[in-house]
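Observations on the three-dimensional arrangement
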Amino acid sequence: MKDDTKIITAGRAHGRRAHPVNPPVVRASTILFPTYDDYLEGVRTINYGRLGTATHRALEQAITGLEGGFETRLAPSGLQACNAAILAFVGAGDHVLITDAAYDPTRKFCEKFLTRFGVEVDFYDPLAGKDDIAALMKPNTKVVFAESPGSLTFEVQDLPALAQAAHEGGAVLIVDNTWSGGYFCKPIALGADVSVQAGTKYIAGHADCLIGTITSASEETAKKIYYALLQLGSNVAADDAYLALRGLRTLSARLKRHEESALALAKWLGKRGEVKRVIHPAQKSCPGYAHWKRDFTGSSGLFGAVLKPVPLPALKAFFNALKLFGIGFSWGGFESLCVHVHPEEHRSAAPWTEEGPVLRFHAGLEDLDDLKNDLEGAFTAMAIAQK
Ligand SMILES: Cc1ncc(COP(=O)(O)O)c(C=O)c1O
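Definitions and limits used
- Residues numbered from 1 in each chain as written.
- Predicted model: local features only at pLDDT ≥ 70, side-chain atom pairs only at ≥ 80, totals over all residues.
- Heavy atoms only, no water.
- Patch = residues over 30% accessible without salt bridge, like charges linked within 9 Å, V, L, I, M, F, W, Y side chains within 5 Å.
- Areas by Shrake-Rupley, 256 points an atom, 1.4 Å probe, with all protein chains shown as cover.
- Salt bridge = Lys/Arg side-chain N within 4 Å of Asp/Glu carboxyl O.
- Helix = DSSP H or I, 4+ residues; strand = E, 2+ residues; numbered from the N terminus.
- Core = buried A, V, L, I, M, F, W, Y, C linked by side-chain atoms within 4.5 Å.
- Buried < 20%, exposed > 50% of the residue type's maximum accessible area, 1.4 Å probe, protein only.
- Domains from an automatic or database assignment.
- Contact = heavy atoms within 4.5 Å.
- Near = heavy atom within 4 Å.
- Polar contact = N/O pair within 3.5 Å; in protein donor to acceptor, adjacent residues only side chain to side chain.
- Nonpolar A, V, L, I, M, F, W, Y, C, P; charged D, E, K, R; others polar.
- Pairing = 2+ DSSP bridges.
- Axes fitted to C-alpha atoms, helices over the stretch in contact; angles between N-to-C directions.
- Buried area = accessible area lost by both parts, 1.4 Å probe.
- Expected span 1.5 Å × (residues − 1).

Regarding a nonpolar patch on the surface
A surface patch of nonpolar side chains, amounting to about 420 Å² of accessible area, comprises Tyr 36, Tyr 39, Leu 40 and Val 43. Within the secondary structure, Val 43 is located in helix 2 (residues 36–44).

Some details on the nonpolar core
Grouped together as the largest cluster of nonpolar side chains are 55 residues, with contacts concentrated most on Leu 59, Tyr 124, Ile 133, Val 144, Leu 173, Leu 248 and Leu 251. Lining this core are residues from two domains, each supplying at least three of them: domain 1 (3–248) and domain 2 (252–386). For Val 144, the residues in contact, after removing those within four places along its chain, are Leu 97, Tyr 124, Ile 133, Met 137, Ala 166, Ala 171, Val 172, Leu 173 and Ile 174. One finds Val 275, Val 278, Leu 315 and Ala 363 within the second-largest nonpolar core, a separate group that totals 29 residues.

What to know about the site of the ligand
In the neighbourhood of the ligand, 13 residues make up the surrounding shell, with Gly 78, Leu 79, Asp 176, Thr 200 and Lys 201 lying closest. Leu 79 is positioned such that a nitrogen or oxygen atom in its backbone is 2.8 Å from an oxygen atom of the ligand. Contact distances for the ligand include 3.1 Å between an oxygen atom and a side-chain N or O atom of Trp 331. Protein contact buries 91% of the 390 Å² of open area that the ligand shows by itself. The class makeup of the residues in the shell around the ligand is 5 nonpolar, 5 polar and 3 charged.

Re the pairing of strand 9 (residues 302–307)
Looking along a regular strand, one sees side chains alternate from face to face of the sheet. With 6 of 6 residues buried, strand 9 is to be regarded as a mostly interior element. Residues of strand 9 alternate between two faces, with Leu 302, Gly 304 and Val 306 on one and Phe 303, Ala 305 and Leu 307 on the opposite face, all of them buried. Here 4 bridges tie strand 8 (residues 275–279) to strand 9, and the two strands are oriented antiparallel to one another. Within strand 9, the residue paired with Ile 279 across the bridge is Gly 304. When strand 9 meets strand 11 (residues 358–362), the two strands line up antiparallel, connected through 5 bridges. By the bridge assignment for strand 11, Leu 302 is matched with His 362.

Details of the sheet that holds strand 11
Ordered in space as 8-9-11-10, the 4 strands form an open sheet in which the pairing is antiparallel. At either end of the open sheet lies a strand with only one pairing partner, and these are strand 8 and strand 10 (337–341). Averaged over neighbouring strand pairs, the angle between their axes works out to 25 degrees when direction is ignored.

Here's the deal with the pattern of salt bridges
Applying the stated criterion across every chain yields a total of 20 salt bridges. Lys 130 is the partner of Glu 168 in a salt bridge, and the nearest nitrogen-oxygen pair spans 3.2 Å. Of this pair, Glu 168 sits in helix 7 (residues 159–168) while Lys 130 sits in helix 6 (residues 130–136), and the two are 38 residues apart along the sequence. Accessibility expressed as a relative area gives 26% for Lys 130, which makes it partly exposed. Of the charged contacts, one joins Arg 272 and Glu 376 as a salt bridge, the two residues approaching to 3.1 Å between their closest N and O atoms. Of this pair, Arg 272 sits in the loop between helix 10 (251–270) and strand 8 while Glu 376 sits in helix 13 (residues 368–386); the two residues are 104 residues apart in sequence, bridging distant segments of the chain. The exposure class of Glu 376 is partly exposed, given its relative accessible area of 35%.

Brief notes about the environment of Leu 307
Within the element layout of this structure, Leu 307 appears in strand 9. By relative accessible area, which is 1% here, Leu 307 ends up buried. Distance in space between the C-alpha atoms of Leu 307 and Arg 272 is 9.6 Å, their sequence separation being 35 residues. When residues no more than four places from it in sequence are discounted, the contact partners of Leu 307 are Glu 274, Val 275, Lys 276, Leu 315, Gly 356, Pro 357, Leu 359, Phe 379 and Met 382.

Considerations on the domain arrangement of the protein
Each assigned domain of the protein is listed with its residue range as follows: domain 1 (3–248) and domain 2 (252–386). On a C-alpha basis, the centroid separation for the pair domain 1 and domain 2 is 27 Å. Taken together, the contact pairs 40 residues of domain 1 with 41 residues of domain 2. Together, the buried faces of domain 1 and domain 2 total about 3400 Å²; carbon and sulfur atoms form 62% of this surface.

Observations regarding helix 8 (residues 219–232)
When the terminal C-alpha atoms of helix 8 are compared, their 20 Å separation across 14 residues agrees well with the 20 Å that a helix rising 1.5 Å per residue should span. Check the buried side of helix 8 and you find it contacts strand 1 (71–75), helix 4 (78–87), strand 6 (194–198) and strand 7 (212–216). One or two steps after helix 8, the chain reaches Gly 233, where phi turns positive at roughly 75 degrees.

In structure tokens, the structure reads:
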């Protein structure tokens with residue numbers, strides 16, 4: 001089956017008896033077993049609310065199909081999905097290599113938290129190739145963590161090369177695949193051991209729930225992820241699993257529209273005098289574009305633009321004039337967003353040297369002309385503030 005069919009059918013009951021289209025929300029702490037044999041069976045499947053109910057299993061199955069993995073487990077947020085996936089493979093004395101362009105809280109988890117427990121952490125240039133990674137690998141390297149494209153700066157990584165270097169050095173490759181929604185990129189097919197998503201973004205898709213997904217390539221990896229989440233006491237509300245599964249059903253339709261609008265806005269912004277450069281993975285000028293072209297089947301709604309240097313009051317005027325683009329964190333919902341981001345504060349291996357402000361745009365599902373008009377109005381306000 002193709003992805004568009006999988007996301008509609010996966011995780012749904014196919015019994016002959018009448019049933020709702022969507023699997024219902026099953027909330028539980030205690031699960032009751034009618035007989036001892038049922039109890040024994042439950043130990044292997046569904047036995048306690050924290051480990052998930054039929055609602056969670058339905059979403060997990062659907063994501064496994066989409067990512068092309070062995071098994072998926074849910075986490076209460078995208079951040080915890082990233083962190084638990086790393087924790088599943090490291091202990092005191094081990095070493096983690098993480099992309100310099102990672103989502104900052106993931107970066108901080110490695111830098112500030114893992115190091116307290118005797119885990120060594122090094123950052124690598126997001127454009128690193130196989131030899132670069134091989135040179136950074138140590139005998140104790142257990143995890144290479146990638147995020148492609150990178151948060152804020154959108155470098156597209158060479159995932160097959162990273163997988164090769166990681167595996168030759170005895171480490172696993174974990175990829176934050178949030179930007180593609182699991183739809184435009186398949187890290188597991190490219191060699192990754194684990195593909196993680198903030199399902200909060202495109203999967204849930206409506207800016208109203210937080211959830212993470214961790215998809216393992218193999219049974220061995222899946223066991224490690226399962227025990228990490230279990231031992232962390234991780235729990236996902238059934239209502240959130242339901243919302244994410246409902247969101248997933250329209251993922252392909254939404255993503256295609258996000259893609260179209262983001263590409264059009266990126267092109268439009270690229271022609272503006274105020275913009276120094278646009279950073280969109282599907283544009284040739286994007287660092288790592290060749291990897292996007294080879295490994296992705298499309299592009300989502302999130303991209304960036306570096307403005308020519310502008311005084312802060314004028315930048316504030318730009319933001320304050322926006323009517324459709326919301327000023328807010330996160331992305332992947334149906335609405336357009338714009339934030340001023342600061343990559344220079346979150347880099348060590350490959351410093352960010354642009355002088356002008358970096359704006360991150362999320363192209364939502366609003367009418368494209370209305371979105372352009374909104375930006376036009378904001379640029380006008382910026383120009384007036386500079387007079
Ligand atoms: C690339 C990426 N990964 C992970 C996360 C964390 O997701 P959550 O907000 O669900 O914890 C985010 C959130 O912005 C993100 O952008």
